[in-house]
Every structure is written in structure tokens, then in C-alpha cells.
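# Fold and contact review
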Amino acid sequence: MSPLPDFLRPLVLSGPSGVGKSTLLQRLFKDYPDKFGFSVSHTTRAPRPGEQDGKQYHFVTHEKFLALIQESAFIESAEFSGNFYGTSIQTVKEIQEKGQRCILDIEAQGVRQIKATDLNPVYCFISPPSLTALRERLRGRGTETETSIQKRLDTALKEIQYAKEPRVHDLVVVNDDLDRAYHLFKQIALGENVGGDKLPPLDD
Ligand SMILES: Nc1ncnc2c1ncn2[C@@H]1O[C@H](COP(=O)(O)OP(=O)(O)OP(=O)(O)O)[C@@H](O)[C@H]1O
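Residues numbered from 1 in each chain as written. Predicted model: local features only at pLDDT ≥ 70, side-chain atom pairs only at ≥ 80, totals over all residues. Heavy atoms only, no water.

This brings us to the layout of surface pockets. In this model, the largest pocket occupies a volume close to 1,100 Å³. Those elements that place two or more of their residues in the lining of the largest pocket are helix H1 (21-31), strand E5 (74-80), helix H5 (131-141) and helix H6 (146-163). Examining the composition of the lining of the largest pocket, we find that six residues originate from one element, H1, more than from any other. In terms of residue class, the lining of the largest pocket is made up of 10 nonpolar, 13 polar and 12 charged. (1 Å grid on protein atoms, 1.4 Å probe; cavity = no way out; pocket = protein on both sides within 12 Å on 5 of 7 lines; lining within 4 Å. Points joined across faces, edges and corners; volume = space filled by probe spheres on them. Helix = DSSP H or I, 4+ residues; strand = E, 2+ residues; numbered from the N terminus. Nonpolar A, V, L, I, M, F, W, Y, C, P; charged D, E, K, R; others polar.)

This is how it looks when you write it as C-alpha cells:
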């Protein structure tokens, strides 16, 4: 059996909080409003200003989230920075049925879980150029308290450690210059046969 073209496989995006995943995705969806479907996760975290239920996330209570776990509704679910996140099987199915490429934005625990399923996605890691740059972006976004920034940076170190393990990701995009990173990310999303960036040492 010949392998599926990459465009027909879901695309799993991961990378530390604040690295620029949402920024890259927003540009992609603006440029290609019909080609891609974003797998909207369920979360128990509070909406940030401007976020709409069903758009960035399905915002649910703890109780509802636990009920969905009981019903085996999720492909993956994880706790991150004190909140639960999960991808429902139904959400991915609906996107695929529309003939769109399904894009999932998932943290490291979720990536591990997806590897145990038969989803067969392309794994793309969005890397910061340095830890210093990541810290500055999280502060600059202005959505987090200093405690939350510290929590996210601690988790970021674990994400990066995991990303350094062999064969975890198929491709890396270093989000240094946004236009350059977006150009590469767009090619990957469109299923073009490109090599990614090299993972920076990230030990600053
Ligand atoms: N290449 C870049 N250079 C400088 N700043 C950037 C770059 N890409 C994104 N940013 C900025 O970094 C901040 C974090 O970006 P964004 O919210 O997209 O991150 P994220 O990975 O989606 O985070 P989370 O996982 O927490 O949702 C934003 O303020 C964004 O404008």
C-alpha cells in the first residue's frame, strides 16, 4: 500500500506556550479559509479576552470534562498548567468529512497519546529560537501572570526535552523571523515535500 499524501494526514502542531502557534495558524486560516479545519479542543481554562466558545476552544466545566473522559470521547486529553485540555474524536471526524486537512494544536502529553492511536498524523514542532525569546513573548502577550509565565516556562522545558528525543517530530519550524517561519509552516501545511529547520540547542 502506498503511503497517504501528507495533505490527507492530520497535522499535529506542538511547541511551548508562547512560541507562536496561534499566530502561525491565524495567518494560515486567513490565507486558506477553506483548506484546513482546526480541531477545536475542549478545555476547562477560562476564556481569554476576545475568545469565543466553539472558536478557539469549547469551554467546559470540570464536571463536563470528566463526563466526556468517562464516555471515551477524547483521542487525547491532558492537564496543563492546572487546566484540562482534550481533542474529541467527533471534532476530528467532522473536519475530515468536510475534506479539509485537520490541524491539531497539542502539548507534549497529548502528542504521546496520539502516537498510541491510529490517527497517523504528521508531527510538526514549533520551536522558539531561544528560551530568552520565549520568555519575552510570553511576557509581551500580556495574558499571563508572572506565576503563570513561570509555570509555562517550566512546562516549556519539558516540551523541549521531549522534542529532543529522536523520531518524536517529523518536522521542526523555528519561529525566529515570523515571515520566514510562516513561509515554511505554510509549505508543510500544504503537504509540500520540504525539509524543516534544525532544532536549536535551546540551552540558554
Ligand atoms: N516570530 C515571532 N517573533 C516575535 N514575536 C512573535 C513571533 N511569533 C509570535 N510572536 C508573539 O508571541 C506571543 C505568543 O504567540 P502565540 O499566542 O501565537 O503563542 P502560542 O504558541 O499560540 O501560545 P499558547 O500555546 O499559550 O496559546 C504573541 O504576543 C505573538 O504576537
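Now that the structure is up, let's keep going.
This part covers the pattern of salt bridges. Taken as a whole and assessed by the stated rule, the structure comprises nine salt bridges. For Asp179, the salt bridge goes to Arg27, with nearest N and O atoms at 2.9 Å. Residue Asp179 is located in helix H7 (residues 178-189), and its partner Arg27 is located in helix H1; the two are separated by 152 residues in the primary sequence. Note on Arg27: relative accessible area 30%, which makes it partly exposed. When the shortest N-O distance is used, the salt bridge between Glu144 and Arg48 registers 3.4 Å. Note that Glu144 is positioned in the loop between H5 and H6 and Arg48 in the loop between strand E3 (41-43) and strand E4 (57-59), a separation of 96 residues in sequence. (Salt bridge = Lys/Arg side-chain N within 4 Å of Asp/Glu carboxyl O. Buried < 20%, exposed > 50% of the residue type's maximum accessible area, 1.4 Å probe, protein only.)

Turning our eyes to something else, we now look at the site of the ligand. If you check the shell around the ligand, you find 15 residues, and the closest are Ser17, Ser22, Thr23, Arg141 and Asn175. In the environment of the ligand, an oxygen atom lies 2.6 Å from a nitrogen or oxygen atom belonging to the side chain of Ser17. Separating an oxygen atom of the ligand from a side-chain N or O atom of Ser22 is a distance of 2.5 Å. Surface burial for the ligand is 75%, taken as the share of its 640 Å² of free accessible area covered by protein chains. (Near = heavy atom within 4 Å. Polar contact = N/O pair within 3.5 Å; in protein donor to acceptor, adjacent residues only side chain to side chain. Areas by Shrake-Rupley, 256 points an atom, 1.4 Å probe, with all protein chains shown as cover.)

Mapped onto the secondary structure, Val194 falls in the segment after H7. Remark: the alpha-carbon pair of Val194 and Leu184, spanning 10 residues in sequence, is separated by 8.1 Å. Beyond its immediate chain neighbours, meaning those up to four positions away, Val194 contacts Leu171, Leu184, Gln187 and Ile188. (Contact = heavy atoms within 4.5 Å.)

If you walk across this open sheet you meet the five strands as E2-E7-E1-E8-E9, and the pairing is parallel. Of all the strands in the sheet, just strand E2 (36-38) and strand E9 (171-174) have a single pairing partner and so form its edges. When strand polarity is set aside, the average angle formed by the axes of neighbouring strands in this sheet is 25°. Running at roughly 160° to strand E7 (residues 101-105), H1 makes contact with strand E1 (11-14), E2, E7 and strand E8 (122-127) of the sheet. (Pairing = 2+ DSSP bridges. Axes fitted to C-alpha atoms, helices over the stretch in contact; angles between N-to-C directions.)

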